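Single-letter residue listing:
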Amino acid sequence: MFVTFEGADGSGKSTQAELLRAALAAEGRDVVLTREPGGTELGEAVRTLVLNGPGMGAWAEAVLFAASRAEHVEKVIRPALERGADVVCDRYVDSSFAYQGIARGLGVDAVVQLNLAVTGGLLPDVTFLLLLDPDVATGRQVDPDRLEREGTELQAKVDAAYRELAKRFPERIVTIDATGEPEAIAREVRERLRDRS
Ligand code: TMP
């Protein structure tokens with residue numbers, strides 16, 4: 001099972017990814033928790049470059065995230081899935097669709113094509129999209145990175161972008177109200193996952 005978590009910066013997805021990993025591991029399952037950008041040595045280097053490096057154009061940003069993803073799929077995600085492990089990933093292709101495709105204006109179709117090419121068409125079995133008021137999410141950010149420093153205008157666009165993606169991919173994306181307590185949200189995630197299996 002390949003599960004991803006998505007949401008605007010400050011939506012709590014990293015906490016939820018870890019809570020799901022712990023719940024699956026407690027059932028005795030082999031689980032790999034990973035994140036994007038990151039998850040490999042190259043991916044972590046890309047993370048530093050894109051989030052803390054110089055300003056860059058939207059295509060440069062999209063291609064760097066895609067490079068990190070290509071390496072991540074080849075070295076971590078596919079091998080884990082092939083040995084029968086579950087993979088829980090904090091951000092994946094929908095981040096590129098939302099941030100670069102919609103919010104940055106590259107177009108979803110172009111960014112989908114790029115990402116299908118670099119991942120060999122690997123899409124998650126299920127994607128949990130954590131939805132939170134953009135102002136609340138922005139208020140939760142600590143030590144903001146280059147994208148977060150762009151402030152509420154980008155975050156509002158990202159929020160709208162994710163809602164559009166949920167309508168476009170309703171069979172894969174499950175939306176979750178992320179305003180409650182982390183444990184309650186985690187329970188809902190597990191219930192929704194059980195409903196689908
Ligand atoms: P985070 O994973 O710590 O939330 O931060 C990653 C940042 O990078 C976040 O602002 C979203 C952004 N991002 C993209 O714009 N496109 C992508 O494909 C990915 C993986 C992340």
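Refer to the structure above for everything that follows.
Think of each chain on its own: its residues are numbered from 1, step by step along the sequence as written. The predicted origin of the model limits local features to residues at a pLDDT of at least 70 and limits the giving and counting of side-chain atom pairs to 80 or more, whereas totals for whole chains, interfaces and linings rest on all residues. Hydrogens and water are ignored here; the side-chain numbers use all heavy atoms of the structure.

Enquirer: I keep staring at the pairing of strand β3 (residues 86-90) and nothing clicks. Help me out?
Expert: In summary, the side chains of a regular strand alternate between the two faces of the sheet. Of all five residues that make up β3, five are buried, and the element is covered over most of its length. The pairing criterion is simple: DSSP has to find at least two bridges between the two strands. A run of H or I in DSSP becomes a helix once it reaches four residues, and a run of E becomes a strand once it reaches two; helices and strands are each numbered from the N terminus. Examined bridge by bridge, strand β1 (residues 2-7) and β3 share four bridges and lie parallel to one another. In the sheet register, V3 faces β3, and the bridge partner there is V88. For strand β2 (residues 31-35) and β3, the ladder comprises five bridges, and the chain directions are parallel. When the sheet's bridge partners are listed, R35 is paired in β3 with D90. Note on classification: 1.4 Å probe, protein chains only; a residue is buried when its accessible area is under 20% of the maximum for its type, exposed when over 50%, partly exposed between these limits.

Enquirer: Just to check I follow, could you spell out helix α7 (residues 152-168) for this structure?
Expert: Two residues of an α-helix separated by three or four positions point the same way, owing to the 3.6 residues in each turn. Here, expected helix span is obtained from the residue count minus one, scaled by 1.5 Å. Its 17 residues place the ends of α7 24 Å apart at the C-alpha level, agreeing with the 24 Å of an ideal helix rising 1.5 Å per residue. Among all positions of α7, only L154, Q155, V158, D159, A161, Y162, L165 and A166 are buried. Summarising the axial view, the buried residues of α7 lie within an arc of 165°, below the 170-degree limit, and thus occupy one face. Away from the buried face of α7 by more than 90 degrees, exposed residues E153 and K167 are located. The contact criterion used throughout is that any non-hydrogen atoms of two residues lie within 4.5 Å. Those residues of α7 that are buried lie in contact with β1, α4 (93-103), α5 (108-119), β4 (126-131), α6 (134-139) and β5 (173-177). Think of the arc as the fan of directions from the helix axis to the C-beta atoms.

Enquirer: I'm lost on the pattern of salt bridges in this one. Help?
Expert: By convention in these notes, a salt bridge is any Lys or Arg side-chain nitrogen within 4 Å of a carboxyl oxygen on Asp or Glu. Scanning the entire structure with this criterion turns up 15 salt bridges. D86 serves as the salt-bridge partner of R29, at 2.6 Å between the closest nitrogen and oxygen. Of the two residues, R29 sits in the loop between α1 (13-26) and β2 while D86 sits in strand β3, which places them 57 residues apart along the sequence. Residue classification places D86 among the buried positions, given a relative accessible area of 4%.

Enquirer: What is the right way to look at the side chain of R91 in this model?
Expert: Within the element layout of this structure, R91 appears in the loop between β3 and α4. Each polar contact in these results corresponds to two N or O atoms within 3.5 Å; when the atoms are within protein, one needs to be able to donate a hydrogen and the other to accept it, and residues that are neighboring in sequence are counted only if both atoms are side-chain atoms. There is a polar contact of 3.1 Å between the side chain of R91 and the backbone oxygen of G7. The contacts of R91, once residues within four sequence positions are left out, are F5, E6, G7, A8, D9, K13, E36, Y99 and Y162.

Enquirer: Whenever I open this one, the sheet that holds β1 confuses me. Can you help?
Expert: Strand pairing in a sheet is mediated by backbone hydrogen bonds. Such pairs are either parallel or antiparallel. Here we have five strands laid out as an open sheet, ordered β2-β3-β1-β4-β5, and parallel in their pairing. Because the sheet does not close on itself, it has two edges, and the strands there are β2 and β5. Taking each pair of neighbouring strands and ignoring which way they run, the sheet shows an average axis angle of 20°. In terms of strand pairing, β4 meets β5 through five bridges, oriented parallel. Bridge pairing in β5 places F128 opposite V174. Under this scheme, a helix contributes an axis fitted over its contacting stretch, all axes are lines through C-alpha atoms, and angles between N-to-C directions fall in the 0 to 180 degree range. α4 rests against β1, β4 and β5 of the sheet, and its axis sits at about 25° to β1. Each of β1, β4 and β5 is contacted by helix α8 (residues 182-196), which is oriented at about 155° to β5, the strand it contacts most.

Enquirer: What exactly am I supposed to notice about the packing of aromatic side chains here?
Expert: Only centres within 6.5 Å qualify two rings of Phe, Tyr or Trp (six-membered ring in Trp) as a pair; their planes then separate them into stacked at under 30 degrees, edge-to-face at over 60, and tilted for everything else. Enumeration according to the criterion identifies four aromatic pairs in this entry. Pairing F2 with Y92 gives two aromatic rings, centres 5.0 Å apart and planes at 75°, and the pair type is edge-to-face. A residue pair is termed long-range when its members are at least 10 positions apart, and F2 in strand β1 and Y92 in the loop between β3 and α4 qualify at 90 residues. The same class applies to F2 as to Y92, namely buried. Look at NZ for Lys and CZ for Arg. If either is within 6 Å of the ring centre and within 35 degrees of the ring normal, a charge sits over the ring. Directly above the ring of Y92 sits R69, whose terminal nitrogen or CZ lies 5.6 Å from the centroid. Seen from the ring of F169, R172 lies directly overhead, with NZ or CZ sitting 5.1 Å from the centre.

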